[in-house]
Amino acid sequence: QVSTCEWQPAKVTSVRSYDPYPKIQDDHVAAAAQLINNAKRPLALVGHGVELGGAQNELVEFLEKADIPAARTLLGLSALPSDHPLNVGMLGMHGSYAPNVMTQQADVIIAIGMRFSDRVTGRLDTYAKQAKIIHLDIDNVEIDKNVKTDVSVVGDCKMSLPAITRLLNKNEHTEWIEGFKPYLQQETEKVIEPAIHPKEGPLLMGEVVNAVAEATDGEAVLVNDVGQNQMFSCRYFKYKRKLSVVTSGGLGTMGFGLPAAVGATFGAPDRTICLFTGDGGFQMSIQELGTIMEQQAPVKVILMNNNYLGNVRQWQDMFFNHRQSFTKMLNPDYRQICSGYHLNYDVVIDRGDLHAAIDKMLATPGPYILECAIKEEDNVLPMTPPGKSVDEMLLEINI
């Protein structure tokens, strides 16, 4: 590692088994465009590839020309602004009710830079069997890996999307898009409103996320750890700008949040970085508070403390008859820990103090840890139970 050698700098143009610059096949582009032009009920599934390819503008042009509703994966959330009229919500086990149900009614599904993970598909043997599948991805290995495609377009979506868009007819799918609204209304009444505007009881994760989202007006970068905090923050945060979500996605890496948030302050120094973490994941990399102290990294940490490994506890309650095993947390005194690292700290217990505490956190320069005392049995909904189809999503559970 310390010896010297001869070295000539050269640009890498190929990697064994992976082509970073695949040539887009015109006949596949034409076939995709034909399917989309003939579709009555098209649905786009937008993944992380759109963000990685910098194809956010190309995505919007594609969707708007053909009037296609779009759902986003966890990693693709900020590829499309939260308030865009064609944005119909988040895919996945804890995603939005409407796109999950309507997946089973679409006649053409256009997957863009996503991998059809099990959290998105649910049961593969029942997933979108009525639909023609178009898959756009830069990596040929992803094609047909989980879901059999009818048309594949291998290439960088920044190039493949415009190629398809040029061949699309200007279209309207008003009736199809209106069909999403009743499901959105059901979710709003049964899940969203009770989660973000509770009338009594302890603080809920949904209302904390929503309050921070409103205070940052969709301009902040969301970073999260893993578990309920990840699902709640992805569901209720708002995005106006691209590249606004830093999450470990399906890797499930508890402890990801703190170091990732530090990195985000260097990657986007002009933006507010909001980290949502649970008490379990926070302790897995709590030593990174030392890095934050040293760098004075301006991370706004929202520690949602429910004294549980909440996601595992929810599964134990739902699927194992409340047989809770090693999910109850005995937490340290976070105030003293933050004091030892010389970091700004506050705690919110009462709902009436939440908004003022958030405003103070955002107005304080540098790093800040805001601990929120969360209801212990708070559950993430909706939920597609394991082994179920995406349209068997639960809006409420009795446990």
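What you are looking at is a predicted structure, and each value in this text was computed from that prediction instead of being measured. (Residues numbered from 1 in each chain as written. Predicted model: local features only at pLDDT ≥ 70, side-chain atom pairs only at ≥ 80, totals over all residues. Heavy atoms only, no water.)

Enquirer: Even after reading the chapter, I still don't get the nonpolar core, so can you show me in this structure?
Expert: One broad trend across soluble globular proteins is that nonpolar side chains are buried collectively. Formed by 54 residues in total, the largest nonpolar core has its most connected members in Phe62, Ile112 and Ile164. Those residues in contact with isoleucine 164 that lie beyond four places of it in its chain are Val29, Ala32, Ala33, Ile36, Phe62, Leu136 and Val153. Counting residues in each nonpolar core, the second largest holds 46 residues, with Met90, Leu222, Met383 and Ile397 among its members. (Core = buried A, V, L, I, M, F, W, Y, C linked by side-chain atoms within 4.5 Å. Buried < 20%, exposed > 50% of the residue type's maximum accessible area, 1.4 Å probe, protein only. Contact = heavy atoms within 4.5 Å.)

Enquirer: Would you mind showing me how to read the pattern of salt bridges here?
Expert: Any two side chains of opposite charge can pair if their charged atoms end up close together. Taken as a whole and assessed by the stated rule, the structure comprises 13 salt bridges. Across the salt bridge formed by arginine 241 and aspartate 270, the nearest N and O atoms sit 4.0 Å from each other. Within this pair, whereas arginine 241 is found in the loop between helix 10 (228-236) and strand 8 (245-246), its partner aspartate 270 is found in the loop between helix 11 (257-267) and strand 9 (273-278), the two being separated by 29 residues in sequence. Given the relative accessible area of 34%, arginine 241 is considered partly exposed. Judged by its relative accessible area of 61%, aspartate 270 falls in the exposed class. A salt bridge links aspartate 317 to arginine 313; the shortest N-O distance between them is 3.0 Å. One end of the pair is aspartate 317 and the other is arginine 313, both in helix 14 (residues 310-319) and 4 residues apart, which spans about a single turn. Through salt bridges with shared partners, a single ionic network connects Glu219, Arg241 and Asp270. (Salt bridge = Lys/Arg side-chain N within 4 Å of Asp/Glu carboxyl O. Helix = DSSP H or I, 4+ residues; strand = E, 2+ residues; numbered from the N terminus.)

Enquirer: Just checking my understanding: could you explain helix 6 (residues 157-165) for this structure?
Expert: Because an α-helix completes one turn every 3.6 residues, residues spaced three or four positions apart along the sequence face the same direction. The element helix 6 is extensively covered by neighbouring structure, given that 7 of its 9 residues are classed as buried. Cys157, Ser160, Leu161, Pro162, Ala163, Ile164 and Thr165 are the residues of helix 6 that are buried. On its buried face, helix 6 sits against helix 1 (26-38), helix 2 (48-52), helix 3 (56-66), strand 4 (108-112), strand 5 (132-137) and strand 6 (151-154). Two or three places before lysine 158, at the start of helix 6, stands the capping residue aspartate 156, its side-chain oxygen 3.0 Å from that residue's backbone nitrogen. (Polar contact = N/O pair within 3.5 Å; in protein donor to acceptor, adjacent residues only side chain to side chain.)

Enquirer: Help me out: how do you make sense of the side chain of asparagine 331 in this one?
Expert: Within the secondary structure, asparagine 331 is located in the loop between helix 14 and helix 15 (334-340). In this structure the side chain of asparagine 331 is engaged in a polar contact, spanning 3.0 Å, whose partner is the side chain of aspartate 279. Reaching out from asparagine 331, the side chain makes a polar contact with the side chain of asparagine 305 at a distance of 3.1 Å. Apart from residues no more than four positions distant in its own chain, asparagine 331 is found in contact with Asp279, Gln283, Asn305 and Asn307.

Enquirer: What's the story with the packing of aromatic side chains in this structure? I'm lost.
Expert: Each aromatic ring pair is characterised by the separation of its centres together with the angle its planes make. Taken as a whole, this structure holds 8 aromatic pairs when the rule is applied. With 6.3 Å between their ring centres and 25° between their planes, phenylalanine 232 and tyrosine 236 make a pair best called stacked. With phenylalanine 232 and tyrosine 236 both in helix 10 and 4 residues apart, this pair spans about one turn of that helix. Just as phenylalanine 232 is buried, tyrosine 236 falls in that class too. Between the aromatic rings of phenylalanine 237 and tyrosine 239, the centroid separation amounts to 6.0 Å while the plane-to-plane angle is 55°, which identifies the pairing as tilted. Tyrosine 239 matches phenylalanine 237 in its accessibility class, with the two residues each being buried. Each residue in the set Phe237, Tyr239 and Phe276 is aromatic and connected to the rest through ring pairs, giving one cluster. We note arginine 313 situated over the ring of tyrosine 308; from NZ or CZ to the ring centre the distance is 6.0 Å. (Phe/Tyr/Trp six-rings, centres within 6.5 Å; stacked < 30°, edge-to-face > 60°. Lys NZ or Arg CZ within 6 Å of the ring centre and 35° of its normal.)

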